[in-house]
Each structure stands twice: as C-alpha cells, then as structure tokens.
Amino acid sequence: AHAMALETCEAMGVKVPKVKVAEMMGYPHLMQGAKGGQWSKVELAVIETHRQLRASNCYTFATMLATGERILTERGASCWPYDLLVWDEAQDGAEADFRVIEKAPSRSKLVVGDPDQSIFAFRGAAPHRLLQMGDDPAWTVFRLERNYRSSAAVCMTANKLAGFGQRGKKQT
C-alpha cells in the first residue's frame with residue numbers, strides 16, 4: 001500500500017519522503033476519503049490510494065483498525081460477541097489499537113505488555129498508553145516480576161545496564 005501511495009504521489013508530480021507517506025497512510029481522516037477541506041497533493045495521493053484499495057477490497061493494518069473502531073463506535077455491543085479479550089505485546093500498540101480495546105464491550109479484558117520493550121515506534125507504537133491504563137482505577141495491574149528465562153546474574157547485569165524504566169522505578 002505504501003508503494004502504491006508513493007507511485008500515486010509520483011504520478012501527481014509530488015516528491016515526499018517514504019516515511020511521511022507511511023505515516024500518512026495511517027491517518028483515519030485520509031483513510032475514509034473525507035470530503036471537503038483543502039488537501040495538499042500528498043494528502044490527495046493518500047486519499048486516492050485508499051480509494052483504490054477499497055475498490056479492490058484490500059485493507060492495510062491501519063484501515064482494519066480504523067474500520068473496527070468505526071464499527072464499534074456505530075454498533076457497540078451488538079456487534080461484539082466476545083466476553084473475554086486478550087491482548088499481548090500491548091507496548092507496541094498504536095493509538096488506534098488502544099481505542100479499539102477501550103471501545104470493545106468485553107466483560108473481561110487482559111492486556112499484557114512492558115513499555116520498556118516497545119520496538120514498533122515506526123508504526124506509531126504508543127507505550128505511554130499502556131502506562132496510562134495502569135494508572136486508571138478501572139484496570140487492575142499485576143506486575144510480573146519473576147524472570148523464568150534468565151539467571152539472576154543476567155538479570156542483575158541487565159538491570160544495571162538499563163537503570164530505571166519509563167516510570168523511574170527499578171526494573172526487576
């Protein structure tokens with residue numbers, strides 16, 4: 001999809017960095033092909049790319065999330081048959097991932113992640129949202145502090161190298 005958007009930009013005579021096109025492909029208002037307003041040539045190219053993708057019944061990961069969020073907003077619990085929702089590696093979730101989790105009307109939700117291990121910033125990872133969930137009294141936090149993968153010596157060395165995590169608390 002990103003290559004398609006770059007080709008559309010090129011056909012329109014627009015020079016734009018690949019990383020900017022990749023970022024803009026995730027903008028919800030451009031995914032929906034919003035009408036009106038003053039659009040730059042790059043935005044028009046991204047809107048056109050999404051139009052072509054929809055016409056071909058193709059979705060990017062970002063458009064799947066945006067579509068899921070839109071459906072949950074419009075239909076709520078009537079479209080959600082799941083009582084339990086489990087999400088692992090949440091530290092790599094983007095804003096849209098967190099909005100879908102928040103809107104999902106499951107009775108129970110289990111979200112697992114370590115903000116200090118986030119590696120998907122290039123796709124908009126928002127590990128601060130995981131920390132915000134931990135501050136919300138609606139959520140119960142269970143800290144997994146026992147390491148079953150590494151010896152105590154490896155953990156001590158890693159903790160010395162890493163120092164403190166995003167919360168200023170010593171990592172264990």
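Residues numbered from 1 in each chain as written. Predicted model: local features only at pLDDT ≥ 70, side-chain atom pairs only at ≥ 80, totals over all residues. Heavy atoms only, no water.

A. Structural detail: the packing of helix α5 (residues 61–75) against helix α6 (residues 95–103). The N-to-C vectors of α5 and α6 enclose an angle of 25°; their axes lie 9 Å apart at closest approach. Here α5 lies roughly parallel to α6, going by the angle between them. Considering only the axes of α5 and α6, their crossing is left-handed. For the pair α5 and α6, the contacting residues are F61, L65, E69, L72 and T73 in the first and A96, D97, R99, V100 and K103 in the second. Its residues assigned to classes, the contact of α5 with α6 comprises five nonpolar, one polar and four charged. (Axes fitted to C-alpha atoms, helices over the stretch in contact; angles between N-to-C directions. Helix = DSSP H or I, 4+ residues; strand = E, 2+ residues; numbered from the N terminus. Parallel < 35°, antiparallel > 145°, perpendicular 65-115°, else oblique. Left-handed = near helix turned anticlockwise from the far one by under 90°. Contact = heavy atoms within 4.5 Å. Nonpolar A, V, L, I, M, F, W, Y, C, P; charged D, E, K, R; others polar.)

B. Structural view of the pattern of salt bridges. Per the counting criterion, the structure on display carries seven salt bridges. A salt bridge links R99 to E69, with the shortest nitrogen-to-oxygen separation between them at 2.8 Å. Here E69 lies in helix α5 and R99 lies in helix α6, a separation of 30 residues in the sequence. Each member of the salt-bridge network shares a partner with another, and the members are E69, R99 and K103. (Salt bridge = Lys/Arg side-chain N within 4 Å of Asp/Glu carboxyl O.)

C. Here's a closer look at helix α7 (residues 127–135). Those residues of α7 that fall on the buried side of the exposure criterion are P127, R129, L130, L131 and M133. For α7, the elements touching its buried residues are α6 and β2 (108–111). (Buried < 20%, exposed > 50% of the residue type's maximum accessible area, 1.4 Å probe, protein only.)

D. Spotlight on a nonpolar patch on the surface. On the surface, L84, V86, L110, V112 and L144 cluster together into a nonpolar patch covering about 490 Å² of accessible area. Along the chain, the position of L84 falls in strand β1 (residues 84–87). Judged by its relative accessible area of 54%, L84 falls in the exposed class. (Patch = residues over 30% accessible without salt bridge, like charges linked within 9 Å, V, L, I, M, F, W, Y side chains within 5 Å. Areas by Shrake-Rupley, 256 points an atom, 1.4 Å probe, with all protein chains shown as cover.)

E. Structural context of the packing of aromatic side chains. According to the stated counting rule, one finds two aromatic pairs in the structure shown. With a centroid separation of 5.3 Å and an interplanar angle of 80°, the aromatic rings of W80 and Y82 are classed as edge-to-face. Residue Y82 is classed as exposed on the basis of its relative accessible area, which comes to 51%. Aromatic side chains W87 and F98 sit 4.9 Å apart centroid to centroid with 65° between the ring planes, which places their arrangement in the edge-to-face category. Of this pair, W87 sits in strand β1 while F98 sits in helix α6; the two residues are eleven residues apart in sequence, bridging distant segments of the chain. F98 matches W87 in its accessibility class, with the two residues each being buried. (Phe/Tyr/Trp six-rings, centres within 6.5 Å; stacked < 30°, edge-to-face > 60°.)

F. Region of interest: the environment of D135. Within the secondary structure, D135 is located in helix α7. Measuring from C-alpha to C-alpha, the distance between D135 and D97 comes to 18 Å, with 38 residues separating the pair along the chain.

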